[in-house]
Each structure stands twice: as C-alpha cells, then as structure tokens.
Amino acid sequence: MLMNFFWAFVTGGLICVLGQILFDVFKLTPAHTMSFLVVLGAIAGGLGLYQPFIEFAGAGATVPICSLVTLYFRSTARIKNKRSCRYHYRDL
C-alpha cells in the first residue's frame, strides 16, 4: 500500500515537473501549458497508453489535468456501447 502512495506521488510530481518546464524553459502561458497537457493526455488515451498509466500510478495519474480527456472518452465510449448509432439516426 505504501508503494501505491509512493508511485502516485512520483508520477504526479513528474507531471507537475513537466508543466513547470513548459512554464520556465519554453515560456508558455498557463493556458498553453494546460492545453498541452490535455492534448498529451488525449493522445496517450487514444493510443491506449493512459489507462495502463492510471492503473500503475493511481491518483498520481488521475488528478492532474492530462487525465481530463481520458475521463471524457471513457464516459463517451460507455454511452456509445449502450446505444448504437443506428438507433439514434433511425428516429431523425
């Protein structure tokens, strides 16, 4: 259990370090940095890399902003699995 806390702390900290590097080195604004992290999370989620990262890091991967798109994608995929596209367009 302590290792879970450790890895959540380390991975969350590394994501924060990435954001700080974007601020300091590349002189990005907070809005640009947040957008970059969201897009990076979207790409990782689309490639199927973010879910294993969440399983490894726990809260260290789900609390930062880059998990936002992954949460949206999972809920959308769940809704899509419940209803087919043909069902929606049949009633139009």
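First things first, this report covers the structure right here in the doc.

Calculation notes
- Residues numbered from 1 in each chain as written.
- Predicted model: local features only at pLDDT ≥ 70, side-chain atom pairs only at ≥ 80, totals over all residues.
- Heavy atoms only, no water.
- Helix = DSSP H or I, 4+ residues; strand = E, 2+ residues; numbered from the N terminus.
- Buried < 20%, exposed > 50% of the residue type's maximum accessible area, 1.4 Å probe, protein only.
- Contact = heavy atoms within 4.5 Å.
- Phe/Tyr/Trp six-rings, centres within 6.5 Å; stacked < 30°, edge-to-face > 60°.
- Patch = residues over 30% accessible without salt bridge, like charges linked within 9 Å, V, L, I, M, F, W, Y side chains within 5 Å.
- Areas by Shrake-Rupley, 256 points an atom, 1.4 Å probe, with all protein chains shown as cover.
- Salt bridge = Lys/Arg side-chain N within 4 Å of Asp/Glu carboxyl O.
- Axes fitted to C-alpha atoms, helices over the stretch in contact; angles between N-to-C directions.
- Parallel < 35°, antiparallel > 145°, perpendicular 65-115°, else oblique.
- Left-handed = near helix turned anticlockwise from the far one by under 90°.
- Nonpolar A, V, L, I, M, F, W, Y, C, P; charged D, E, K, R; others polar.
- Arc of directions from axis to C-beta.

### Focus on the side chain of Thr33
Part 1 of the argument: Relative to the helices and strands, Thr33 resides in helix α2 (residues 30–46).
Part 2 of the argument: Using a relative accessible area of 4% as the deciding quantity, one classes Thr33 as buried.
Part 3 of the argument: Residues within four places of Thr33 in sequence aside, it is in contact with Gly19, Leu22, Phe23 and Leu28.

### Examining the packing of aromatic side chains
Part 1 of the argument: All told, the structure shown has three aromatic pairs when counted by the stated rule.
Part 2 of the argument: Measuring from centroid to centroid gives 5.0 Å for Phe6 and Trp7, while their planes differ by 70 degrees, and the two rings are edge-to-face.
Part 3 of the argument: Assessed through its relative accessible area of 40%, Phe6 is described here as partly exposed.
Part 4 of the argument: When the ring of Tyr50 is compared with that of Phe53, the centres are 5.6 Å apart and the planes differ by 65 degrees; the resulting orientation is edge-to-face. Highlighted residues: Tyr50 and Phe53, both in helix α3 (residues 50–57), separated by three residues, approximately one helical turn.
Part 5 of the argument: With a relative accessible area of 4%, Tyr50 lands in the buried category.
Part 6 of the argument: Every member of this aromatic cluster is reached through a ring pair, and the members are Phe6, Trp7 and Phe56.

### Observations regarding unusual backbone geometry
Part 1 of the argument: Unlike most non-glycine residues, Lys27 shows phi in positive territory, near 55 degrees.
Part 2 of the argument: Its place among the elements puts Lys27 in the loop between α1 (2–24) and α2.

### Some details on a nonpolar patch on the surface
Part 1 of the argument: Taken together, the side chains of Met3, Phe6, Trp7 and Phe56 present a nonpolar region at the surface, about 410 Å² in accessible area.
Part 2 of the argument: For the nonpolar patch, the element with the highest residue contribution is α1, accounting for three residues.
Part 3 of the argument: Relative to the helices and strands, Phe56 is located in helix α3.

### As for the packing of α1 against α2
Part 1 of the argument: Put simply, α1 and α2 touch, their axes get as near as 10 Å, and they point 140 degrees apart. Classified by the angle their axes make, α1 and α2 are oblique. In the crossing of α1 with α2, the sense of the turn from one axis to the other is right-handed. Here α1 contributes Leu18, Gly19, Leu22 and Phe23 to the contact with α2, which in turn contributes Pro30, Thr33, Phe36, Leu37 and Leu40.
Part 2 of the argument: When its residues are assigned to classes, the contact of α1 with α2 shows seven nonpolar, two polar and no charged.

### Some details on α3
For an α-helix the count is 3.6 residues per turn, leaving residues at separations of three or four pointing the same way.
Part 1 of the argument: Those residues of α3 lying buried are Tyr50, Ile54 and Ala57. Viewed along the axis of α3, the buried residues span an arc of 85 degrees, placing them on a single side of the element.
Part 2 of the argument: Gly58 sits one or two positions beyond α3 and adopts a positive phi of about 65 degrees.

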